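Close look at the chain arrangement
Here are the chains, one letter per residue:
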Amino acid sequence: KNLLLIGITCTLFVACKKKSEEDTTFHTLVFTKTTGYRHESIDAGKTMFGNKATDWNLTLTETEDAGTFTVDNLKNYKIIVLLNSSGELFTDPQ
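In this section: helix H1 (residues 42-52). Those residues of H1 not exposed but buried are Ile42, Gly45 and Phe49. Buried residues of H1, seen end-on, are gathered within an arc of 60° and therefore sit on one face of the element. Among the exposed residues of H1, those oriented more than 90 degrees off its buried face are Asp43, Ala44 and Asn51.

Excluding glycine, residues mostly have negative phi values, and the peptide bonds linking residues are mostly trans. Look at Asn57: it is not a glycine, yet its phi comes out positive at around 55°. Mapped onto the secondary structure, Asn57 falls in the loop between H1 and strand S4 (58-63). The phi dihedral of Asn84 falls on the positive side, at around 55°, and the residue is not glycine. Tracing the backbone shows Asn84 in the loop between strand S5 (79-82) and strand S6 (87-88).

What counts, and at which threshold
- Residues numbered from 1 in each chain as written.
- Predicted model: local features only at pLDDT ≥ 70, side-chain atom pairs only at ≥ 80, totals over all residues.
- Heavy atoms only, no water.
- Buried < 20%, exposed > 50% of the residue type's maximum accessible area, 1.4 Å probe, protein only.
- Helix = DSSP H or I, 4+ residues; strand = E, 2+ residues; numbered from the N terminus.
- Arc of directions from axis to C-beta.

Set out below in structure tokens:
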């Protein structure tokens, strides 16, 4: 069971809806791991998300650690961004 993600500039998965009207912050995981081709635009993408975080009501966590993809940890995020991730990124349990 190999998972291969290639050449995706920016893919957003909305993990859940707002919990209440007061909850307007979108906790966002930005994942940039590559085991194949390393896109030169990853740093620019991370910078863009950092620059837009306030405008878009995002709190960002940037990582290349696939170990963050656990059921318990992913419950903390409303948005998951696979930012130019490529290659075999996850183990079977992940």
